[in-house]
Amino acid sequence: MPDLLLSSAGTLAQTAPVVSEIAWFAVIACACRYLKNRRAATLLAVGVLSFVTGWAIRLLSDCTKLPGELIAGSDLAIALSFILMLVSIVYLARIGWRTAHLLKHEAESDPLTGAYNRRYFLRALQVALAEAEEGFAVAIIDIDNMKEINDNFGHHKGDEVLQRVARALREGVRQTDVVARLGGDEFGVIFRKANGDTRVLLERLRKQLDTSGVAASFGLASCPQDGKEIERLLAVADARMYRQKKARKNRAARGGAGELKNSVLLTAAR
């Protein structure tokens, strides 16, 4: 905005207004170009035109006598340029906040399923460890028969199953919990503030997946019972998940109960 200094009489005096306003316009123009926003750029262009017109009339009034209405109009034009400058700043601030929020979301989420990605999952685990006095648990979930789905029906159907699993997991957890796709057909869940009810929470997830027609193997590790380090907790949960998957495969091979379900293959064919 215009530079203001105290005059010798102790009153406020405006100094170098053109230079300061042009600098502000230049800064806002760079922001418009960076954010690639046409509306803010249009507002800025109108503001610049109004500013130049107002000051052109003022300069002419120093050289020749102009009607008082025209001189008053120059003041209005300059005032309008200030208003448009402020509006464009507010508009760019809103756009910038939305852009930053979108970039943050893209950096933390899996583009296919909309669940959090592995990077965010590990960071959330670090936060949970810092608050370990409240207790938490981590689950590793691996979808059964995923290779058969991709081989028999194509990766497009496989992607649909992954999206279905992510949706079912989000619907089965609490608002304080974290659901992430760790890679491939493997998902992770952090049960925050889980005080002894982790088995109940895990069973609810299993039922949620069964309702969606998806079979999966689960592994659960609790802090501090199973460890106080991220690597240890993930290793325990991963080992328990594979142990469960192997046991179910063995039972299936013997024709016993608890075999791996193929309902996910049937739903993928729809």
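Preceding this paragraph is the structure being described.
My aim in this report is to walk through the structure given alongside it, one point at a time.

The rules we used
Residues numbered from 1 in each chain as written. Predicted model: local features only at pLDDT ≥ 70, side-chain atom pairs only at ≥ 80, totals over all residues. Heavy atoms only, no water. Salt bridge = Lys/Arg side-chain N within 4 Å of Asp/Glu carboxyl O. Helix = DSSP H or I, 4+ residues; strand = E, 2+ residues; numbered from the N terminus. Buried < 20%, exposed > 50% of the residue type's maximum accessible area, 1.4 Å probe, protein only. Pairing = 2+ DSSP bridges. Axes fitted to C-alpha atoms, helices over the stretch in contact; angles between N-to-C directions. Contact = heavy atoms within 4.5 Å. Parallel < 35°, antiparallel > 145°, perpendicular 65-115°, else oblique. Left-handed = near helix turned anticlockwise from the far one by under 90°. Nonpolar A, V, L, I, M, F, W, Y, C, P; charged D, E, K, R; others polar.

### Digging into the pattern of salt bridges
At step 1: Counted under the stated rule, the structure contains nine salt bridges.
At step 2: The salt bridge partner of Asp226 is Arg240, with a shortest N-O separation of 3.1 Å. Of this pair, Asp226 sits in the loop between strand 6 (216-223) and helix 8 (230-253) while Arg240 sits in helix 8, and the two are 14 residues apart along the sequence.
At step 3: The exposure class assigned to Asp226 is buried, which follows from its relative accessible area of 18%.

### A look at the pairing of strand 6
At step 1: Along strand 6, eight of the eight residues are buried, which leaves the element largely enclosed by surrounding structure.
At step 2: Residue alternation in strand 6 divides its side chains into two sets, Ala216, Phe218, Leu220 and Ser222 and Ser217, Gly219, Ala221 and Cys223, and both sets are buried.
At step 3: Where strand 3 (residues 136-143) and strand 6 come together, eight bridges link them in antiparallel fashion. Paired with Phe136 across the two strands is Cys223, which belongs to strand 6.

### A closer look at the sheet that holds strand 4 (residues 178-183)
By definition, the strands of a sheet pair up through backbone hydrogen bonds, in either a parallel or an antiparallel sense.
At step 1: Read from one edge to the other, the open sheet built from four strands follows the order 4-5-3-6, with strand pairing classed as antiparallel. Because the sheet does not close on itself, it has two edges, and the strands there are strand 4 and strand 6. On average, adjacent strands in this sheet sit at an angle of 20 degrees to one another, irrespective of strand direction.
At step 2: Sheet strands in contact with helix 6 (residues 155-172) are strand 3, strand 4 and strand 5 (186-192), and its direction is about 10 degrees off that of strand 5.
At step 3: Strands in contact with helix 7 (residues 198-211) are strand 3, strand 5 and strand 6; relative to strand 6, the strand with the most contacts, it is inclined by about 160 degrees.

### Observations regarding the packing of helix 6 against helix 7
Relative placement of two packed helices is described by the angle separating their axes and the distance separating the axes.
At step 1: Taken N-terminus to C-terminus, the directions of helix 6 and helix 7 make an angle of 140 degrees; their axes are 9 Å apart at the nearest point. By the angle between their directions, the pair helix 6 and helix 7 is classed as oblique. For helix 6 against helix 7, the interelement crossing comes out right-handed. Residues Val165, Ala168, Leu169, Glu171 and Gly172 of helix 6 form the contact with helix 7, whose participating residues are Arg204, Leu205, Gln208 and Leu209.
At step 2: Classifying every residue of the contact of helix 6 with helix 7 by side-chain character gives five nonpolar, two polar and two charged.

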